[in-house]
Amino acid sequence: MSTQELSRTKSAIDKSTASLALEFGHAWDYAPAPEAKDHVRIQPRYDLFVGGRWTAPKSGKYFLTTSPSTEESLAEVAEASAEDVDLAVKAARTAYEKYWAKMRPAERAKYIFRIARAIQEKARELAIVESMDGGKPIKESRDVDIPLAAAHFFYHAGWADKLDYAFHGRKVRPLGVAGQIIPWNFPLLMAAWKIAPALACGNTVVLKPAETTPLTALLLAHIIEEAELPPGVVNIVTGAGPTGAALVAHPDVNKIAFTGSTEVGKKIQKAIAGSRKRLTLELGGKAANVIFGDAPLDQAVEGIVNGIYFNQGHVCCAGSRLLVEESVHDVVVKKLKDRLQNLRLGDPLDKNTDVGAINSKMQLEKIKELVAAGEHEGATRYSAPCALPDKGYWFPPTFFTGAAQASRIAREEIFGPVLTVMTFRTPDEAVEKANNTMYGLSAGIWTDKGAKIFWMAGKLKAGVIWGNTYNKFDPTSPFGGYKESGFGREGGRHGLSAYVEVV
Amino acid sequence: MSTESDHAKTANGTMEFRAGTPGRGGGIPLFAPPPVDQIAVEERAASLAKRSIKKAAKVAGLKLAIRMMDLTTLEGKDTAGKVRQLCRKALTPLDSDPSLGPCAAICVYPNFVAIAKEALAGSTVKVASVATAFPSGQSPLSIKLDDTKRAVDFGADEIDMVIDRGAMLAGDYAKVFDEIAATKEACRHAHLKVILETGELGTYDVVRKASDLAIAAGADFIKTSTGKVQPAATPPVTLVMLEAIRDHYYATGRKIGMKPAGGVRTAKQSLHYLVLVKETLGDAWLTPDLFRFGASALLNDVLMQLEKERTGVYQASEDFSKD
Amino acid sequence: MDEKKETAVAEASAASTAGVSTKKGGPLATAGSASSKARLRVAKAYKMYVGGAFVRSESGRYFQVKSDAGQTGPDPETVNVPRGSRKDVRDAVLSAKNAQEPWAARTAYNRGQILYRLAEVLESRKDELVMSLARGGLSADDAAREADAAVDRSVYYAGFADKVSALVASHNPVSGPHFGFSVPEPLGVVCVVAPPRPALLGLVSTVLPVITSGNSCVVLASDVDPRTAVVFAECLATSDLPGGVVNVLTGHPHELATQMAKHREVFGMDVWVDDDKLATDVEKAAADNVKRVKTHGLPAVEAWLDESGAQGIGWIERFLETKTIWHPVGL
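Rules behind the numbers
Residues numbered from 1 in each chain as written. Chains lettered and ligands numbered in written order. Predicted model: local features only at pLDDT ≥ 70, side-chain atom pairs only at ≥ 80, totals over all residues. Heavy atoms only, no water. Disulfide = S-S within 2.5 Å. Buried < 20%, exposed > 50% of the residue type's maximum accessible area, 1.4 Å probe, protein only. Salt bridge = Lys/Arg side-chain N within 4 Å of Asp/Glu carboxyl O. Helix = DSSP H or I, 4+ residues; strand = E, 2+ residues; numbered from the N terminus. 1 Å grid on protein atoms, 1.4 Å probe; cavity = no way out; pocket = protein on both sides within 12 Å on 5 of 7 lines; lining within 4 Å. Points joined across faces, edges and corners; volume = space filled by probe spheres on them. Nonpolar A, V, L, I, M, F, W, Y, C, P; charged D, E, K, R; others polar. Phe/Tyr/Trp six-rings, centres within 6.5 Å; stacked < 30°, edge-to-face > 60°. Lys NZ or Arg CZ within 6 Å of the ring centre and 35° of its normal. Pairing = 2+ DSSP bridges. Axes fitted to C-alpha atoms, helices over the stretch in contact; angles between N-to-C directions. Core = buried A, V, L, I, M, F, W, Y, C linked by side-chain atoms within 4.5 Å. Domains from an automatic or database assignment. Contact = heavy atoms within 4.5 Å. Polar contact = N/O pair within 3.5 Å; in protein donor to acceptor, adjacent residues only side chain to side chain. Buried area = accessible area lost by both parts, 1.4 Å probe.

## Regarding the state of the cysteines
- Scanning all chains against the criterion turns up 0 disulfides over all chains.
- Of all cysteine sulfurs, the one in Cys-87 of chain B lies closest to Cys-103 of chain B, which takes part in no disulfide; the gap is 10 Å.
- Since its relative accessible area comes to 2%, Cys-103 of chain B is described here as buried.
- The closest cysteine sulfur to the non-disulfide-bonded Cys-191 of chain C is located on Cys-217 of chain C, 7.1 Å from its own sulfur.
- Relative accessible area serves as the criterion here: at 0%, Cys-191 of chain C is assigned to the buried category.

Quick look at the structure:
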């Protein structure tokens, strides 16, 4: 292309940025398409699942779990005290010594396969409850969370009797009782990520789901009950921070696995210092999604959208920093703006909903605070023009342009549907900016040049690199961070080392 | 017989496309269409296929689909009688419901243009004719142009031409461009739809290239397929072409139409295509002026689904006329 | 060399070069009255090894280490060793950071060759290492055994550099049209607090697996026998190992281990101390930047000689990251 022609093309696109907008209106509207939920039963009250039995909490306390999309209460859930946690750890210890550690690995595998199958059988019900309790769109819980949860159990089941191959011929033994604390963004999926490898490696489990999204873990307890696992192999204790702290502090827990914020992760690492407990942490992120000018731009825009608006941006590996080569910045922003017109925000149970509710009021406040900071710092905000429902917690898909690398929206994890767009000029600059964070969970690279993908992938300090794709997960694929995004891996052969001791 | 100088003469002034060495592998400096990632574009098309179109949206979509249809018969056994039947179907798709239709156009071989024109006289239904040595396009340019001119002389409102896929795959983009430009000239007032025959192009990258070429050379519509090659229209290939149209609109403000043809057989598929259009190009393209279905079997399935929505009862195919 | 014959001269030289007074009076007088045949031996100043250079502590502090073997070689019986400080840790970490990426960018084959070169140098300087270990309190047999094992351990890791990836990487058969694989990468800067004993083998066994995969290292050597660590550093310096890849500090764990743990540029730690409180403090401080920290007690010296336990892939794996990469497979 000659320079003259190039500038002609560029100026045409620049002009269009100002004037030629596509209109995404009401020429043909989709009718509401709510997922039927009449077949789903949520109990009015859930006790703790300890030692294979549903037991009332010693604390005598229950808390409400509500739907973030309607603010309606869904159920009362037991609040486990330190005493309840102690009972659960004791049950897990007993189950470990009495059943699980002694069982033939092939038998252990069969129990885990059973769980996988039952999740598949109850998939729709689990998806609906996940969307009700957590606010995520049904298309995501139906097509991502629940199938992947089943896949994690299925995958790890097969490892149970093949662990001798996993460590280059070195023998391994289970650790004992694993205390596992999971977040609210992928409630059932995170439970599967934690429980499946722990069981496959021969450990027993005390799992604490997040207090805003306990329901699917409790449905999973029912599945585990129906799968006739020996009592105490999996124990579910519901509660908030203090319940988790009690689990971390319990002297008879051999391993802590935590997914959540970096702030809490550091507290846990400090709390267990000197205890000889094993620890894996899967913490926050502020991933760079790097778009080169030679990328397949329309697909890259899909990758941007999937990277940051998937699950309302409540994703630790969300591509929350868009680094776009300056030569295509304007056209990418234009395409992104048009794309945002088509994101449908609303009822999580509507099959056409793309963006659901923010998980909690607290999280919504945090998002609002950081967005206000972005505006205050002088970045230009663009939010999709979607109407927000009156009830519930909502935030429109949003992005900032013109943000400084030093600004809060470019450095802090927002954990919401908010993208910060920045530019770079050369690949070296892209690497420097991408790595300029204490996080290191994930990154995206978009370019049509294979050599550049490998070059970038080598330079980026992140545990998961998506080249020309984003937010892909698989049980065979190790997931976890560099730097302050935590340590240890989940998934694949690598994930097993979190739950065994090499002897 | 066409020669290189013929091409130069008939090119409609966009001389940049003639730069570089003509012939095989000839470079065209301006011509650098963006790459397309197969997996990602197929993912996007698949995710749009998950849109749930129910009730009023379904009825409205299907009614729109009927008005976007180019009812097509392109067979060696075509007769005047067959074409007249199809014209009646285009005018009144369902006798019991005169609110449906009419279809956008009838699509026939040049020999039947006059017959169709007569059968459709006084209606809004256009007559489209395939031309340019359809379906292979493997004839000299002069014959292709003559084919086009005659179809227009017979009264065709729209010309559906085929590109020279051989030239496209051999890298002779200048030839492809010039033939389209020349055909556009030969069309005079008739609208030009350019068939890329995506099933023969091998990759989405080439589809995107051919789309950009066709648009630059003067196409009013770009169209996936002749219907004679498998695969014909697919949602992802349509999405790639819609994206080419979108980029052209961003750059110039000019709206190019899109026509998936072949392979669209069910009402559900047609709604899926409408979703692609709605969420890629927006409201302006949700009109027969800018979006068409090239189909023969699709109409009856759409009618069946509409009757099902109206009556609440699943219909039998024998209840609908097979024209 | 004939060590006994040269004792007196060496003692004298040590006192003059180190510039400090010795406890025994009159060595200078001895030197002055030496016969014309005697030659004044040049004793060595023991220094830390940072960024490829031998340095004293920026603090000017030192601690004294007495030879258990009496007066041997050119050195005096008691030598002064730098007592590393917080700022020495800082400088060493900076050197390690600057050296790490180029070190990791070398081919695994090249790293293996450099480690093999180290083994060659260690072998060629074995007498000196043995003598140093003897000063550190080992019997001649034990010293020789340890030095042999240290050389062999270097050979072991030299041969491991280009095998690690093949053993710990994976192709991930994901359910979809993507090619997925996971490859090991170094963490970056790793700090090691080496065990007090075995002074040489403990150092070699902890440092080499860290650098084999492309990490750089700051190691706090045994404060029981720091001299041997300095001799080892001299081997590093002559082995083609780029400066800064291994930085050897001398000093005390209770002063420096938590400083290492606090440093935010350090991503991993391997700590061998017989002090639960110190280990706990290190683990706590390490949480500030989510450091990968491994604390150990002190195994018996015999355990370090056991090839089935004291070396292996697990020693390398501890200080690796796993990077998982996805890419579509399509046209």
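Still more to cover.
## Section: the pattern of salt bridges
- Going through the model one piece at a time under the given rule, you end up with 83 salt bridges over all chains.
- Arg-173 of chain A is the salt-bridge partner of Glu-501 of chain A, the closest N and O atoms lying 3.5 Å from each other. Of this pair, Glu-501 of chain A sits in strand 20 (residues 500-502) while Arg-173 of chain A sits in strand 6 (residues 172-174); the two residues are 328 residues apart in sequence, bridging distant segments of the chain.
- Salt-bridge contacts for Arg-188 of chain B lead to Asp-153 of chain B; the nearest nitrogen and oxygen are separated by 3.0 Å. With Arg-188 of chain B in the loop between helix 8 (173-187) and strand 5 (191-195) and Asp-153 of chain B in helix 6 (residues 141-154), this pair connects stretches of sequence that are 35 residues apart.
- Linked through salt bridges whose partners overlap, the residues forming this network are Asp-70, Glu-158, Asp-160, Lys-193, Lys-223, Lys-259 and Arg-292 of chain B.

## Overview of unusual backbone geometry
- For the peptide bond that leads from Phe-134 of chain B to Pro-135 of chain B, omega is 0°, which places it in the cis range.
- Following Arg-197 of chain C, the chain continues to Pro-198 of chain C via a peptide bond in cis, the omega torsion being 0°.
- Within the fold, Pro-198 of chain C resides in the loop between strand 7 (189-193) and helix 8 (199-212).
- Even without being glycine, Glu-228 of chain A reaches a positive phi, approximately 60°.
- When you line up the elements, Glu-228 of chain A lands in the loop between helix 8 (215-226) and strand 9 (234-236).
- For Asn-311 of chain A, which is not a glycine, the phi torsion comes out positive at approximately 55°.

## Some thoughts on empty space enclosed by the protein
- Taken as a whole, this structure holds 8 cavities of 30 Å³ or more when the rule is applied.
- The computed volume of the largest cavity comes to approximately 90 Å³.
- Elements that contribute at least two residues to the lining of the largest cavity include exactly helix 11 (297-309) and helix 12 (329-340) of chain A together with helix 10 (235-252) and helix 11 (267-280) of chain B.
- Residue composition of the lining of the largest cavity, grouped by class: 2 nonpolar, 1 polar and 8 charged.
- Looking at the lining of the second largest cavity residue by residue, the class counts come to 8 nonpolar, 4 polar and 3 charged.

## Digging into the packing of aromatic side chains
- For the structure shown, the criterion picks out 24 aromatic pairs over all chains.
- On the basis of an interplanar angle of 65° and a centroid distance of 5.2 Å, the ring pair of Trp-193 of chain A and Phe-479 of chain A is categorised as edge-to-face. Highlighted residues: Trp-193 of chain A in helix 7 (residues 187-200) and Phe-479 of chain A in the loop between strand 18 (464-467) and strand 19 (486-487), separated in sequence by 286 residues. Comparing Trp-193 of chain A with Phe-479 of chain A, the two get one shared label, buried.
- A ring pair is formed by Tyr-249 of chain B and Trp-285 of chain B, whose centres lie 5.5 Å apart and whose planes are at 90°; its orientation type is edge-to-face. Of this pair, Tyr-249 of chain B sits in helix 10 while Trp-285 of chain B sits in the loop between helix 11 and strand 8 (293-295), and the two are 36 residues apart along the sequence. Across the pair, Trp-285 of chain B and Tyr-249 of chain B agree in class, each one buried.
- One aromatic cluster in this structure is built from Trp-193, Trp-466, Tyr-470, Phe-473 and Phe-479 of chain A.
- Positioned above the aromatic ring of Phe-292 of chain A, the side-chain terminus of Lys-452 of chain A is 4.3 Å from the ring centre.
- Directly above the aromatic system of Trp-315 of chain C lies the positively charged group of Arg-318 of chain C, at a separation of 5.0 Å from the ring centroid.

## What about the sheet that holds strand 18 of chain A?
- A sheet is described by the order of its strands in space; here 10 strands give the open sequence 14(A)-15(A)-16(A)-13(A)-12(A)-17(A)-18(A)-12(C)-6(C)-5(C), paired in mixed fashion. The open sheet has two edge strands, strand 14 (380-383) of chain A together with strand 5 (170-172) of chain C, and neither has a second partner. Adjacent strand axes in the sheet meet at a mean angle of 20°, parallel and antiparallel pairs treated alike.
- In this sheet, strand 13 (residues 321-325) of chain A lies alongside strand 12 (residues 288-291) of chain A in parallel orientation, the contact comprising 4 bridges. Note that in strand 13 of chain A the partner of Ile-291 of chain A across the bridge is Val-324 of chain A.

## Overview of the nonpolar core
- Ranked by internal contacts, the top residues of the largest apolar core, which has 115 residues, are Ile-115, Phe-153, Leu-199, Leu-220 and Leu-229 of chain A.
- A domain split of this core shows at least three residues from each of domain 1 (45-283 + 483-502) and domain 2 (285-467) of chain A.
- Aside from chain neighbours lying at most four places away, what touches Leu-229 of chain A is Trp-100, Tyr-111, Ile-115, Leu-199, Ile-224 and Val-234 of chain A.
- Counting 100 residues, the second-largest nonpolar core is a separate cluster that includes Leu-62, Ala-156, Leu-239 and Ala-244 of chain B.

## Considerations on the interface of chain C and chain B
- Of the residues lining the interface, 6 residues belong to chain C; the matching set on chain B comes to 7 residues.
- Scanning the region where chain C abuts chain B turns up 0 salt bridges.
- At the surface where chain C touches chain B, the tally comes to 1 residue pair in polar contact (both at pLDDT 80 or more).
- The residue makeup of the side of chain C that touches chain B, split by class, is 4 nonpolar, 2 polar and no charged.

## Description of the environment of Gln-100 of chain C
Residues and elements named next belong to chain C.
- Mapped onto the secondary structure, Gln-100 falls in helix 3 (residues 86-105).
- Separated by 88 residues in sequence, Gln-100 and Gly-188 have C-alpha atoms that sit 6.3 Å apart.
- Those residues in contact with Gln-100 that lie beyond four places of it in its chain are Pro-186, Gly-188, Gly-214, Asn-215 and Ser-216.

## A short note on the domain arrangement of chain A
Residue and element names in this part refer to chain A.
- One can read the domain layout of chain A as domain 1 (45-283 + 483-502) and domain 2 (285-467).
- Here the C-alpha centroids of domain 1 and domain 2 sit 30 Å apart.
- Across the domain 1/domain 2 interface, buried area totals approximately 2600 Å², and carbon plus sulfur atoms make up 56% of it.
- Considering only the side of domain 1, the residues that lose the most area to domain 2 are Pro-68, Trp-184 and Lys-483, jointly responsible for 22% of the buried surface there.
- Our count for the domain 1 to domain 2 interface comes out at 1 salt bridge.
- Among the salt bridges present, the one from Lys-139 reaches Asp-354, with a minimum N-O distance of 2.5 Å.
- Secondary structure elements with two or more residues in the side of domain 1 that touches domain 2: helix 4 (123-134) and helix 5 (138-159).
- Counting residues per element, the side of domain 1 that touches domain 2 draws most heavily on helix 5, which supplies 5 residues.
- When the residues that make up the side of domain 1 that touches domain 2 are grouped by side-chain class, the tally is 9 nonpolar, 10 polar and 9 charged.

## A short note on the environment of Gly-374 of chain A
All names here are of chain A.
- With respect to the element layout, Gly-374 can be found in helix 13 (residues 361-376).
- C-alpha separation for the pair Gly-374 and Thr-401, spaced 27 residues apart in sequence, amounts to 9.8 Å.
- Non-local contacts of Gly-374, meaning those with residues more than four positions away in its chain, are made with Ala-379, Phe-400 and Ile-409.

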